[in-house]
Protein chains: 2
Amino acid sequence: MNNYASMSKEELKTLKDSLQKEYDSFKAKNLKLNMARGLPSNEQLDMEADFFNTLYPDSEFKSELGIDCRNYGQLDGISEARQLMGDMMEIPAENVIVFGNSSLNIMYDTVCRSMILGVCGSTPWCKLDKIKFLCPVPGYDRHFAITEQFGIEMINIPLNEDGPDMDMVEEYVNNDPTVKGIWCVPKYSNPSGISYSDEVVTRFAKLKPAAEDFRIFWDNAYTIHHLYDDKQDELLEIFAECQKYGNEDMVYKFCSTSKVSFPGSGIAAFGASKKNIDFVKSIITIQTIGHDKLNQLRHVRYFKDINGMKEHMKKHANILRPKFELVLNKLDSELSGLEIGTWTRPYGGYFISFNAMEGCAKKIVAYCKDAGVTLTGAGATYPYKNDPMDSNIRIAPTFPPIDELAQAIDIFVLAVKLVSVNKLLGE
Amino acid sequence: MNNYASMSKEELKTLKDSLQKEYDSFKAKNLKLNMARGLPSNEQLDMEADFFNTLYPDSEFKSELGIDCRNYGQLDGISEARQLMGDMMEIPAENVIVFGNSSLNIMYDTVCRSMILGVCGSTPWCKLDKIKFLCPVPGYDRHFAITEQFGIEMINIPLNEDGPDMDMVEEYVNNDPTVKGIWCVPKYSNPSGISYSDEVVTRFAKLKPAAEDFRIFWDNAYTIHHLYDDKQDELLEIFAECQKYGNEDMVYKFCSTSKVSFPGSGIAAFGASKKNIDFVKSIITIQTIGHDKLNQLRHVRYFKDINGMKEHMKKHANILRPKFELVLNKLDSELSGLEIGTWTRPYGGYFISFNAMEGCAKKIVAYCKDAGVTLTGAGATYPYKNDPMDSNIRIAPTFPPIDELAQAIDIFVLAVKLVSVNKLLGE
């Protein structure tokens, strides 16, 4: 196909007219399609039907250590659930606390706790004049929303194909004591789908933070969320790597079964060094008497162990893979060679990241919306919803049924073309 | 029986010898009994077997408004759960947010949020030099632990038979802008079992707080937790009462099904004015994508409505009533007339409150412990675990099977007698 930039004004005008006609006919259909959020589809949710058989009226509600999961207590979770989530996070069960249904809630509370009570005895962050978090971009909007709510200054760090720009990360972390944290989705990153290289992980582990209470927020949301059997990213395990360099207190790990069992009622977990775990437990023992242990038991009985969980993830992959391939094939066939955008080809996770020409993202999202396709808001993948290039768009292909997805992506590529032509025409 | 104080030294010594002998024989049994916490018993938990039938593999997981409870979303809970919990709290469903499994967690987060983000736009409490909470005593130890963790100064307010000393409450709240809250368990109070009179509730509703961000933390934990069909406390509904006086933003209501379905996996809720609800939602939308809606659905399907729930509570009462009566009968028969202690006779809730002679509570708890009976720590019912009279002991008769409870209370009355005799002997 022709590179748009090489076309004459006349050619572009003709192209624009035909694109506009096509766009108007889509608009006339009054569609209502959604590629905004990383929701599992109904088909995925339906797979888990047997899940509710795991706690029968006549079943035993005791954990392997004899704890009655129906009653109060067991703040850190039942041992078999700590094992399961520990295996998911690749960290020993003794370094795990199992919480409720939301890893976002754990992360929020972790930041909140640091604000008001400090980190393992450090000065509460709210008592300091200024604190900062590093934010690899594009990144996860809900991470940025947490630090924004607490008034923490966020600093953009470019996310390359092998992870964050580590020169910048080292520069900030090792020299600036007001830098207290960094948000990471290290595997099948949200939204770009890239995974951190071994070198990047090792450089993280070797950091020498200026702040004793600096922590890496390692949100391994997509750790076993592969799309392929034969093509999978491998991520070096950071906790063990940190231990090698005497930095085991520097990392907090988070994960959940939200996209394994159910988003609405999965279980989530926190993994960290004994010192961090002991501190967190000393605080949360005042916050709750314990999280939902019956749901923990349900998960362990259904998945059995990490192998059962990994096997189960293949069923999710079978549903998701065709959706990702549909989107990528369409982007390839419609946009390749036009030089009006680039996109990622992840082997897992929930998103494809699209970079439009500078200054086009907001317009593309608006054009899609007018034609009935909801995308994640342009800018959402940056702190303060401010993408300095107005370029990045997150595509979430998981939720719509495949026929709706096909329509949605048709409209998306059309919007990209139309907005790009307008830009080249200076309109 | 003889009033101990009227006995001669010789009589007391003889009595002491015989009590000590009895006590030693209990000790020799190496018992392990627990009356420390308000746990439902296994017998109560077993009643709910059918609960797990409510979400079958082939059942519909949609809420009445068509929300798929397995997926993300619905921050304030599904409408039918808001209705159920609203009916439990006697507040309209639109004024309710349904959370996870722990009302304690809601209360903790409510205080925490006020500390760091303020209340509906007020200055965050952590930015103020000093803030205070009023604490009717004896009260619930976990309430006091929350305010203690955040460094909030706690002020003892005597809890009379009809509620807190309202002269003192008015004096503090209406004049001191550093007073930001008061902890209340208004019905079948923990631990004394008393309920607030209509007059007390009305005086609460008529408060004119010096602080715009003063809130009443109304933890109605035992709202439908009666022991009798014919003898029940009635509590005036405070939200409507506050509305009458233009004070609807002044009260936060909390409740849960922890002692209705399961302590480990019930549902909990928050009830407040629209202004408060809107503010809380604007904050928690950053904290979580939503609580466990499948568990909400399970509760609504099992209990149907508030009437189903109330009917269900009669089954709990049938199990709990004999335990309370056993304890009260033993206290009556063994301690009446001795003038070495007083105790409450609640019609509901989970506790009996015992007041020993001044300076005896810690010793009684220690004697019980040495003989294998765990009680709530003496002092726990006061802020900072400091009972100035060292007198109050919380008895939790709910968890032990009735034969174990009988042994435990035998040891308790023996310990009360022994410690009291020692005190009178000046030992």
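Above: the structure in question.
So, here is what we can say about the structure in this document. (Residues numbered from 1 in each chain as written. Chains lettered and ligands numbered in written order. Predicted model: local features only at pLDDT ≥ 70, side-chain atom pairs only at ≥ 80, totals over all residues. Heavy atoms only, no water.)

**Observations concerning the packing of helix 4 (residues 103-117) of chain A against helix 9 (residues 274-287) of chain B**
In a packed pair of helices, the relevant descriptors are the angle between the two axes and the axis-to-axis distance. As a packed pair, helix 4 of chain A and helix 9 of chain B sit with axes 8 Å apart at the nearest point and diverge in direction by 110°. Accordingly, the angle class assigned to the pair helix 4 of chain A and helix 9 of chain B is roughly perpendicular. Of the residues in helix 9 of chain B, those in contact with L104, N105, Y108 and D109 of chain A of helix 4 of chain A are I283, I286 and Q287 of chain B. Residues of the contact of helix 4 of chain A with helix 9 of chain B, tallied by class, amount to 4 nonpolar, 2 polar and 1 charged. (Axes fitted to C-alpha atoms, helices over the stretch in contact; angles between N-to-C directions. Helix = DSSP H or I, 4+ residues; strand = E, 2+ residues; numbered from the N terminus. Parallel < 35°, antiparallel > 145°, perpendicular 65-115°, else oblique. Contact = heavy atoms within 4.5 Å. Nonpolar A, V, L, I, M, F, W, Y, C, P; charged D, E, K, R; others polar.)

**Here's the deal with the sheet that holds strand 3 (residues 132-137) of chain B**
Through backbone hydrogen bonds, the strands of a sheet pair up, either in parallel or in antiparallel fashion. Residue and element names in this part refer to chain B. Judged by pairing direction, the sheet is mixed, and its 8 strands sit side by side in the order 2-9-8-7-6-3-4-5 without closing on themselves. Strand pairing shows two members of the sheet lacking a second neighbour, strand 2 (96-98) and strand 5 (163-164), which therefore form its edges. As judged from the 3 bridges shared by strand 3 and strand 6 (residues 179-184), these two strands associate in the parallel manner. What sits directly across from L134, in strand 6, is I182. Along the sheet, helix 6 (residues 166-175) contacts strand 3, strand 4 (153-160), strand 5 and strand 6; its crossing angle with strand 4, the most-contacted strand, is approximately 150°. (Pairing = 2+ DSSP bridges.)

**A look at the relation of the copies chain A and chain B**
Rotating chain A by 180° about the axis while translating it 0.0 Å along that axis superimposes it on chain B, leaving an RMSD of 0.0 Å. One copy is carried onto the other by what is essentially a two-fold rotation axis. By C-alpha distance to the rotation axis, the residue of chain A lying nearest is I116 of chain A, at 3.5 Å. Mapped onto chain B, 100% of the interface residues of chain A again fall at the interface, so both copies present the same surface. (Least-squares fit on C-alpha atoms with pLDDT ≥ 70 in both.)

**Quick word on the interface of chain A and chain B**
Many descriptions give the size of an interface as the accessible area lost when the pieces come together. Contacts between the two partners involve 56 residues from chain A and, on the opposite side, 57 residues from chain B. With both chains or domains summed, chain A and chain B bury close to 4600 Å², and 57% of this area falls on carbon and sulfur atoms. Three residues stand out in chain A for area buried against chain B, namely F52, R70 and Y72 of chain A, and they jointly supply 16% of the buried area on that side. At the junction of chain A with chain B, the criterion picks out 2 salt bridges. The partner of R70 of chain B in a salt bridge is D46 of chain A, with the nearest N and O atoms 2.8 Å apart. There are 18 residue pairs in polar contact (both at pLDDT 80 or more) connecting chain A and chain B. Put simply, the parts of the chain that give the side of chain A that touches chain B at least two residues each are helix 2 (42-46), helix 4, helix 5 (141-149), helix 9 (274-287) and helix 10 (293-303) of chain A. Of the residues forming the side of chain A that touches chain B, the biggest block, 8 residues, is contributed by helix 4 of chain A. Taken together, the residues of the side of chain A that touches chain B sort by class into 28 nonpolar, 18 polar and 10 charged. (Buried area = accessible area lost by both parts, 1.4 Å probe. Salt bridge = Lys/Arg side-chain N within 4 Å of Asp/Glu carboxyl O. Polar contact = N/O pair within 3.5 Å; in protein donor to acceptor, adjacent residues only side chain to side chain.)

**Side note on empty space enclosed by the protein**
Counted according to the given criterion, the structure contains 11 cavities of 30 Å³ or more. The calculated volume of the largest cavity comes to roughly 440 Å³. Forming the walls of the largest cavity are 28 residues, and the residues nearest its centre are G100, N105 and H291 of chain A together with G100 and H291 of chain B. Classifying every residue of the lining of the largest cavity by side-chain character gives 7 nonpolar, 17 polar and 4 charged. Its boundaries defined by the atoms lining it, the second largest cavity holds a volume of some 130 Å³. Those elements giving two or more residues to the lining of the second largest cavity turn out to be helix 4 and helix 9 of chain A together with helix 4 (103-117) and helix 9 of chain B. At 5 residues, helix 4 of chain B tops the list of elements feeding residues into the lining of the second largest cavity. Taken together, the residues of the lining of the second largest cavity sort by class into 7 nonpolar, 2 polar and 4 charged. (1 Å grid on protein atoms, 1.4 Å probe; cavity = no way out; pocket = protein on both sides within 12 Å on 5 of 7 lines; lining within 4 Å. Points joined across faces, edges and corners; volume = space filled by probe spheres on them.)

**Focus on the sheet that holds strand 10 (residues 341-343) of chain B**
Residue and element names in this part refer to chain B. Spatially, the 3 strands line up as an open sheet ordered 10-11-13, and their pairing is antiparallel. Of all strands in the sheet, those bounded by a partner on one side alone are strand 10 and strand 13 (392-395). Ignoring which end each strand starts from, the neighbouring axes of this sheet average 20° apart. Pairing of strand 10 with strand 11 (residues 352-356), which is carried by 3 bridges, proceeds in the antiparallel orientation. From the neighbouring strand, W343 faces strand 11, where its bridge partner is F354.

**Notes on the nonpolar core**
Note on soluble globular proteins: their nonpolar side chains tend to be buried together. Grouped together as the largest cluster of nonpolar side chains are 188 residues, with contacts concentrated most on F412 of chain A together with F412 of chain B. When neighbours within four sequence positions are excluded, F412 of chain A is seen to be in contact with M35, L331, F354, I364, C368, L375, I393 and I395 of chain A. Residues C184 and L235 of chain A together with F204 and V300 of chain B belong to the second largest nonpolar core, which totals 112 residues. (Core = buried A, V, L, I, M, F, W, Y, C linked by side-chain atoms within 4.5 Å. Buried < 20%, exposed > 50% of the residue type's maximum accessible area, 1.4 Å probe, protein only.)

**Remarks on the pattern of salt bridges**
Working definition: two side chains of opposite charge can pair if their charged atoms are close together. The final tally for this structure, using the stated rule, is 40 salt bridges over all chains. With its nearest N and O atoms 2.8 Å apart, the salt bridge here joins D141 of chain A to R37 of chain A. Within this pair, whereas D141 of chain A is found in helix 5, its partner R37 of chain A is found in the loop between strand 1 (33-35) and helix 2, the two being separated by 104 residues in sequence. Across the pair K330 of chain B and D410 of chain B runs a salt bridge, and its minimum N-O distance is 2.7 Å. Of this pair, K330 of chain B sits in helix 11 (residues 306-335) while D410 of chain B sits in helix 13 (residues 402-424), placing them 80 residues apart in sequence. Here the salt bridges do not stand alone but share partners, grouping D167, E170, E199 and R203 of chain A into one network.

**Side note on the layout of surface pockets**
In this structure, the largest pocket spans a volume of roughly 660 Å³. As for the largest pocket, its lining consists of 39 residues, of which L39 and P263 of chain A together with N71, Y72 and I289 of chain B are closest to the centre. For the lining of the largest pocket, the secondary structure elements donating two or more residues are helix 2 and helix 4 of chain A. Sort the elements by how many residues they give to the lining of the largest pocket and helix 4 of chain A lands first, with 3 residues.

**Quick notes on the packing of helix 9 of chain A against helix 5 (residues 141-149) of chain B**
Where helix 9 of chain A meets helix 5 of chain B, the axes come as close as 8 Å, and the angle between the chain directions of the two elements is 130°. The orientation of helix 9 of chain A relative to helix 5 of chain B falls into the category oblique. On helix 5 of chain B, the residues that touch S282, I283, T285 and I286 of chain A of helix 9 of chain A are R142, A145, I146 and Q149 of chain B. For the contact of helix 9 of chain A with helix 5 of chain B, the class distribution of residues is 4 nonpolar, 3 polar and 1 charged.

**With respect to the packing of aromatic side chains**
Applying the stated criterion across every chain yields a total of 48 aromatic pairs over all chains. With a centroid separation of 5.5 Å and 85° between ring planes, the pair formed by Y196 of chain A and W218 of chain A is classed as edge-to-face. Of this pair, Y196 of chain A sits in the loop between strand 6 (179-184) and helix 7 (198-205) while W218 of chain A sits in strand 7 (residues 215-219), and the two are 22 residues apart along the sequence. Relative accessible area serves as the criterion here: at 2%, Y196 of chain A is assigned to the buried category. A ring pair is formed by F354 of chain B and F412 of chain B, whose centres lie 5.1 Å apart and whose planes are at 85°; its orientation type is edge-to-face. Within this pair, whereas F354 of chain B is found in strand 11, its partner F412 of chain B is found in helix 13, the two being separated by 58 residues in sequence. Across the pair, F412 of chain B and F354 of chain B agree in class, each one buried. (Phe/Tyr/Trp six-rings, centres within 6.5 Å; stacked < 30°, edge-to-face > 60°.)

**Observations regarding the pairing of strand 4 (residues 153-160) of chain A**
Residue and element names in this part refer to chain A. Note: strand 3 (residues 132-137) against strand 4, 6 bridges, orientation parallel. Paired with L134 across the bridge in strand 4 is I155. What joins strand 3 to strand 4 is helix 5, and the crossover it makes is right-handed. Both strand 4 and strand 5 (residues 163-164) contribute to a ladder of 2 bridges, which runs antiparallel. Bridge pairing in strand 5 places L159 opposite P164. (Right-handed = clockwise from strand over helix to strand, strands pointing away.)

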